[in-house]
Amino acid sequence: MRIGQSIDFHPLKEGRDLILGGVKIDHSMGLYGHSDADVLVHAIAESILGALALGDLGKHFPDTDPKYKGISSLVLLEYVYSLMNEKGFHIGNIDATILAEKPKMAPHIQKMRENIASCLHCDVSCVSIKATRGEKLGFIGQEEGMASLCVCLLEEN
């Protein structure tokens, strides 16, 4: 049994799509980064890498490499799954939280859970996703960026 945790942050920027959990969400701004900047998937992937003691996303997918420019974070998560499977582990559970002032996440959470469970070859019941607001405080509350936190439990095959 292994436990991993992670946090990821990205700034919001006009002219970018907002992608969270592999779901394109209608919003006036999107997250800025080298890939699609999906903070939720990044936190999940890094929690798994952490549980496996395999470093962080930057080690595996450097933002200096043009082949990762604009890449779907779900593709990165599938690669992380292959590392996890190779090491003889599977998902026990994932508990993630999105920190965003707007838009409302509730209408999208089930599809996010399904996307992530599909990439990680686990039942959707093993993937918990919640969301909370910044209550107008800090960079999240002022709608300057978003963050996501994740804890995962890996079990041996």
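The sections below set out a description of the structure shown in this document. (Residues numbered from 1 in each chain as written. Predicted model: local features only at pLDDT ≥ 70, side-chain atom pairs only at ≥ 80, totals over all residues. Heavy atoms only, no water.)

In this section: the nonpolar core. L20, I44, I48, M112 and L120 are the most contacted members of the largest nonpolar core, which totals 51 residues. Looking at which element gives the most residues to this core, the answer is helix α1 (residues 39–51), with nine residues. Setting aside anything within four residues of it in sequence, one finds M112 in contact with L20, G21, V23, I25, L40, I98, M105 and I129. (Core = buried A, V, L, I, M, F, W, Y, C linked by side-chain atoms within 4.5 Å. Buried < 20%, exposed > 50% of the residue type's maximum accessible area, 1.4 Å probe, protein only. Helix = DSSP H or I, 4+ residues; strand = E, 2+ residues; numbered from the N terminus. Contact = heavy atoms within 4.5 Å.)

On to the sheet that holds strand β1 (residues 2–14). Strand order in the open sheet formed by five strands is β4-β1-β7-β5-β6, and the pairing between neighbours is mixed. Each having just a single partner strand, β4 (29–31) and β6 (127–132) make up the two edges of the open sheet. Across the sheet, the mean angle separating the axes of adjacent strands is 20 degrees when strand polarity is ignored. Here β1 runs beside strand β7 (residues 145–156); their pairing, made up of 10 bridges, is antiparallel. Residue G4 lies in a different strand from β7, and its bridge partner there is C152. (Pairing = 2+ DSSP bridges. Axes fitted to C-alpha atoms, helices over the stretch in contact; angles between N-to-C directions.)

Let us look at the pairing of β6. Looking at chain direction, strand β5 (residues 89–99) and β6 are connected through six bridges and run parallel. In the strand pairing of β6, I98 is matched with A131. You can see the chain leave β5, run along helix α4 (residues 109–119) and come back into β6, and the turn it takes is right-handed. (Right-handed = clockwise from strand over helix to strand, strands pointing away.)

In this section: the pattern of salt bridges. Counted by the stated rule, this structure contains six salt bridges. Between D17 and K24 there is a salt bridge, with its nearest N and O atoms 3.7 Å apart. Classification of K24 as exposed rests on a relative accessible area of 59%. With a shortest N-O distance of 3.6 Å, R133 and E135 are connected by a salt bridge. Residue classification places R133 among the partly exposed residues on the basis of a relative accessible area of 37%. Look at the salt bridges and you will find they share partners, linking E101, R133, E135 and K136 into a network. (Salt bridge = Lys/Arg side-chain N within 4 Å of Asp/Glu carboxyl O.)

This part covers α4. Where α4 is concerned, the buried positions are I109, M112, R113, N115, I116, A117 and C119. Each element contacted by the buried residues of α4 is listed here: β2 (18–20), β3 (23–25), α1, α3 (73–86), β5 and β6. Backbone geometry just downstream of α4 places H121 in the positive-phi region, at approximately 50 degrees.

One ladder, built from 10 bridges, connects β5 with β7; its direction is antiparallel. What sits directly across from I98, in β7, is S148.

Given a rise of 1.5 Å per residue, 13 residues ought to cover 18 Å, and the 18 Å separating the end C-alpha atoms of α1 matches this to within 8%. In terms of burial, α1 is a largely internal element, 12 of the 13 residues being buried. Within α1, the full set of buried residues consists of V39, L40, V41, H42, A43, I44, A45, E46, S47, I48, L49 and A51. Positive backbone phi, approximately 55 degrees, marks A53, located one or two places after α1. (Expected span 1.5 Å × (residues − 1).)

Now for the state of the cysteines. Applying the stated criterion across every chain, the model contains zero disulfides. Here C150 is not disulfide-linked; the sulfur of C152 is the nearest cysteine sulfur, at 5.9 Å. (Disulfide = S-S within 2.5 Å.)

In short, geometric facts, not functional conclusions.
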